[in-house]
There are 2 protein chains.
Amino acid sequence: MATIININADQRSTDDALEELHDFFADDLVQVEATLSANLSSAASLIPEVSDHIIGAGGKRLRPLLTLSAAQLCGYQGTRHIMLAAAVEFMHTATLLHDDVVDDSDLRRGKPTARKIWGNPTSVLVGDFLLGQAFRMMVGAENLAALDVLSNAAAIIAEGEVMQLAAMRNADISEDNYLRIIDAKTAALFAAAAEVGGILAEASPTTIDALESYGRNLGIAFQLVDDALDYGSVNRVLGKNTGEDFREGKVTLPVVLAYRRGNENSRNFWKQAMQATDDNADFEQAVAYLRSTAALKDTVARATHYGEKAKDALALLPPSDTRTLLIRLADFCIARAY
Amino acid sequence: MATIININADQRSTDDALEELHDFFADDLVQVEATLSANLSSAASLIPEVSDHIIGAGGKRLRPLLTLSAAQLCGYQGTRHIMLAAAVEFMHTATLLHDDVVDDSDLRRGKPTARKIWGNPTSVLVGDFLLGQAFRMMVGAENLAALDVLSNAAAIIAEGEVMQLAAMRNADISEDNYLRIIDAKTAALFAAAAEVGGILAEASPTTIDALESYGRNLGIAFQLVDDALDYGSVNRVLGKNTGEDFREGKVTLPVVLAYRRGNENSRNFWKQAMQATDDNADFEQAVAYLRSTAALKDTVARATHYGEKAKDALALLPPSDTRTLLIRLADFCIARAY
């Protein structure tokens, strides 16, 4: 049940924002998909097989869309945005493969993970291959400023993952430290994906800053809503893949808030649940604590704050269809939570 | 017991070749070490800690030395070779961290691996961080041709690792297929390390080709000698860290040759030993089979072939101290086997 927010005169709900963006960039996306496939071919047949499982499954392509949108918004006329958009998706996919190894995950969005099917060694190495291909493709785009931004993002993402590992299973991490982690591990790639679109188009520093800021804030909002959805939507609907974070002992913002706001009993519950290495932790009890402390609702409120910042970041840019679509996308990211 | 091969009038043994190279590039190496340290600092304290374990342990710095030597050989006057040399070492270190996870290794050169001390998740993520930093540093050197070569190498290395994984524990892999694997997983980085030195110096295509070829052949020779040394030197001296490959079921050229040349009994032995997941496989029996089939001696003969190719690759370059040192380095790589 999505909140209806009208941006355009056409009164469409934000449900459609991602779909609209896909339609708007349909031609570019076909080329991105072709570039992804072309760069998966290898003498090692495991590589396309494993990559297909995770890339071919048809993700939202949110990050590549940021690159395409940003380039279009800045009037870019060339073809290099396709290569960078595909490289960004490869970086993201490499992260997913390694994350599942790090988190010992058997399921991702309800599907068996690559590491569950092919084992950890394959997931580590195919992730490394995708990272290598991503760099190769970025270099192929022949733009040093864009390379600078994307290689920076690669190091920062890994740094964020290490920070998360160090903080793992600690329910008493501060909200600010948790935000630092997701800023690095999630938002840095959203920011870079948008920024390089502007860089390719040789946009003004102000415009490039605006795109970077839009991407970063959108990334944080997106991650926080994902965090919330693992425990069901604000309107109490439990999605089909809920509880994955919880069962892996992954401390996310809902847990951080519920822990801080809880009494001694609930704090003990969270500590034990986050430390548990079996699958028997009481998910229903967790959801109950999240409801009673308003932790889910307020996680979405925090996400809304970043979504609003993302939209305001675009305010200096001249109105255009693409700008409208990006604003609607920010609303969509939040609306998913309801 | 090293074979004495005299290249210079000064009659020094090849034992000294690596040390001489270190002395010759002492000033550059100090800067490389400083660059390595500077790029390990991070808000995530695990990163310098783990990296120190593997980088600070003071490796041979063979790959960075190739970049430094190649740049010097081509008369390079700038400072960017330092950054590229350090980036190459980071790429190498990232590979080691991930390899140990993939191979489930507890020991590397007789020391506990990072994954043994800090666990697989940390090794995967710190490896990713080092790879990201390597790219960041390469981009900082602002040379697209060098970036092209190094990003290519990154993808090829991972591809080689995947090929090795697919061939793992198969004693009946062909020699050619084994060579394809080490060409990708080891020699590609040696080749790239040397090549980018020439690229920075804007050397002629012939010179750059020569450097690439030197690095590639040296890399293969180096890997084959390493393969042999895991079972002891040709002169029957068992080093202190022998048997690591064997106990991990890692099929290397000595095994490939011994398997092909063996009778039914020894083939069964190798099949079972390579499949074994415990540490009880009979290492003494393995060494005996390698001796009786001359597999160790001939692995070193194959390595010598590549060492000679490496030396001939440099023949078109004008004589210089650095060229002499690189030729001696190739001899040193082989002499280690005796």
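Residues numbered from 1 in each chain as written. Chains lettered and ligands numbered in written order. Predicted model: local features only at pLDDT ≥ 70, side-chain atom pairs only at ≥ 80, totals over all residues.

Colleague: Just checking my understanding: could you explain the overall build of chain A for this structure?
Modeller: Along the backbone of chain A there are 16 helices and two strands. At 20 Å, chain A has a C-alpha radius of gyration in line with the 20 Å of a compact globule built from 338 residues. Structurally, chain A occupies a C-alpha span of about 60 × 50 × 30 Å along its principal axes. Considering only residue pairs separated by 6 or more positions, chain A has 76% of its internal contacts joining residues 24 or more positions apart. (Helix = DSSP H or I, 4+ residues; strand = E, 2+ residues; numbered from the N terminus. Rg over C-alpha atoms; globule rule 2.2 N^0.38 Å. Contact = placed C-beta atoms within 7 Å.)

Colleague: Which parts of the structure should I look at to understand helix α10 (residues 205-229) of chain B?
Modeller: Residue pairs spaced three or four apart in an α-helix point in one direction, given the helix's 3.6 residues per turn. A rise of 1.5 Å per residue sets the reference length of α10 of chain B, with its 25 residues, at 36 Å; its end C-alpha atoms lie 36 Å apart and thus fit the reference within 8%. Most of α10 of chain B is tucked away, with 19 of its 25 residues classed as buried. (Expected span 1.5 Å × (residues − 1). Buried ≥ 20, exposed ≤ 12 C-beta atoms within 10 Å, placed from the backbone.)

Colleague: Help me understand the relation of the copies chain A and chain B in this model?
Modeller: A rotation about an axis combined with a shift along that same axis relates the two copies of the chain. When chain A is brought onto chain B, the operation consists of a screw motion whose angular component is 180° and whose axial shift is 0.0 Å, with 0.0 Å RMSD remaining. Given the turn and translation reported, the copies of this chain are related as if by a two-fold rotation axis. Most of the interface of chain A is mirrored in chain B, where 100% of its interface residues are also at the interface. (Least-squares fit on C-alpha atoms with pLDDT ≥ 70 in both.)

Colleague: Honestly, the nonpolar core in this entry has me stumped. Any pointers?
Modeller: Soluble globular proteins tend to bury their nonpolar side chains together. Counting residues in each nonpolar core, the largest one holds 248 residues, and the members touching the most others are Ala 221 of chain A together with Ala 221 of chain B. Among all residues touching Ala 221 of chain B, those that are not within four sequence positions of it are Ala 303, Tyr 306, Gly 307, Ala 310, Ala 330, Cys 333 and Ile 334 of chain B. (Core = buried A, V, L, I, M, F, W, Y, C linked by C-beta atoms within 7 Å.)

Colleague: Mind showing me how you'd approach the packing of helix α8 (residues 144-167) of chain A against helix α9 (residues 175-200) of chain A here?
Modeller: Two quantities define a packed helix pair, namely the angle between the axes and the distance from one axis to the other. Residues and elements named next belong to chain A. It is the contact of α8 with α9, at a shortest axis distance of 8 Å, that shows an interaxial angle of 165°. The angle between the axes of α8 and α9 places the two elements in the roughly antiparallel class. Viewed along their axes, α8 and α9 form a crossing whose handedness is left-handed. (Axes fitted to C-alpha atoms, helices over the stretch in contact; angles between N-to-C directions. Parallel < 35°, antiparallel > 145°, perpendicular 65-115°, else oblique. Left-handed = near helix turned anticlockwise from the far one by under 90°.)

Colleague: Sorry if this is basic, but what is going on with the environment of Asp 106 of chain A here?
Modeller: Residue and element names in this part refer to chain A. In this structure, Asp 106 sits in the loop between α5 (80-102) and β1 (107-108). Asp 106 gets classed as partly exposed once you count the C-beta atoms within 10 Å, which come to 16. In this structure the C-alpha to C-alpha distance between Asp 106 and Leu 253, which are 147 residues apart in sequence, comes to 22 Å. Leave out the neighbours within four places in its chain, and Asp 106 touches Pro 112, Thr 113 and Lys 116.

Colleague: I tried to follow unusual backbone geometry on my own but got confused; where do I start?
Modeller: With glycine set apart, most residues show a phi of negative sign, and most peptide bonds adopt trans. At Glu 202 of chain A, a position not held by glycine, the phi torsion is positive, near 55°. With respect to the helices and strands, the residue Glu 202 of chain A is situated in the loop between α9 and α10 (205-229).

Colleague: Just checking my understanding: could you explain the packing of helix α5 (residues 80-102) of chain B against helix α8 (residues 144-167) of chain B for this structure?
Modeller: All names here are of chain B. Put simply, α5 and α8 touch, their axes get as near as 12 Å, and they point 15° apart. Between α5 and α8, the interaxial angle falls into the category roughly parallel. Here the hand of the crossing between α5 and α8 comes out right-handed. Residues Leu 84, Ala 87, Met 91, Thr 95 and Val 102 of α5 form the contact with α8, whose own contacting residues are Ala 146, Leu 150, Ala 154, Ile 157, Glu 161 and Leu 165. Broken down by class, the residue content of the contact of α5 with α8 amounts to nine nonpolar, one polar and one charged. (Nonpolar A, V, L, I, M, F, W, Y, C, P; charged D, E, K, R; others polar.)

Colleague: Just to check I follow, could you spell out the environment of Ile 82 of chain A for this structure?
Modeller: Residue and element names in this part refer to chain A. Along the chain, Ile 82 falls in helix α5. On the neighbour-count criterion, Ile 82 (23 C-beta atoms within 10 Å) is buried. It is 9.9 Å that separates the C-alpha atoms of Ile 82 and Met 137, two residues lying 55 residues apart in sequence. The residues touching Ile 82, leaving out its near neighbours within four places in the chain, are Asp 28, Gln 31, Val 32 and Thr 35.

Colleague: What's the story with the interface of chain A and chain B in this structure? I'm lost.
Modeller: Quoted interface sizes are often the accessible area lost when the parts come together. In this assembly, 36 residues from chain A lie in contact with 36 residues from chain B. Listed by contribution, the elements that provide at least two residues to the side of chain A that touches chain B are α3 (46-56), α5, α7 (120-140) and α8 of chain A. The element contributing the most residues to the side of chain A that touches chain B is α8 of chain A, with 14 residues. Grouping the amino acids of the side of chain A that touches chain B by side-chain chemistry returns 23 nonpolar, seven polar and six charged.

Colleague: Help me out: how do you make sense of the environment of His 305 of chain A in this one?
Modeller: With respect to the element layout, His 305 of chain A can be found in helix α15 (residues 295-313). When the C-alpha atoms of His 305 of chain A and Thr 293 of chain A are compared, they prove to be 19 Å apart, with 12 residues separating the residues in sequence.

Colleague: Just to check I follow, could you spell out helix α16 (residues 321-335) of chain A for this structure?
Modeller: Residue and element names in this part refer to chain A. Taking 1.5 Å per residue as the helical rise, α16 with its 15 residues ought to reach 21 Å, and the 20 Å between its terminal C-alpha atoms agrees with that figure. Counted residue by residue, α16 has 12 buried out of 15 residues, so it is predominantly covered. Inspection of α16 places Thr 322, Leu 325, Leu 326, Ile 327, Arg 328, Leu 329, Ala 330, Asp 331, Phe 332, Cys 333, Ile 334 and Ala 335 among the buried residues, and these make up the whole buried set. Buried-residue contacts for α16 involve α1 (17-24), α4 (62-73), α10 and α15.

Colleague: Sorry, what's going on with the confidence of the model for chain A here?
Modeller: Do not read the predicted coordinates in detail wherever pLDDT is low. Residue and element names in this part refer to chain A. For chain A, mean pLDDT is 91; residues scoring 70 or higher make up 94% of the total. β1 is the least confidently modelled element of chain A, averaging 85 in pLDDT, while α4 averages 98, the highest of any element. Under the prediction, the complex receives an ipTM of 0.88, its pTM being 0.91. (pLDDT = per-residue confidence, 0-100.)

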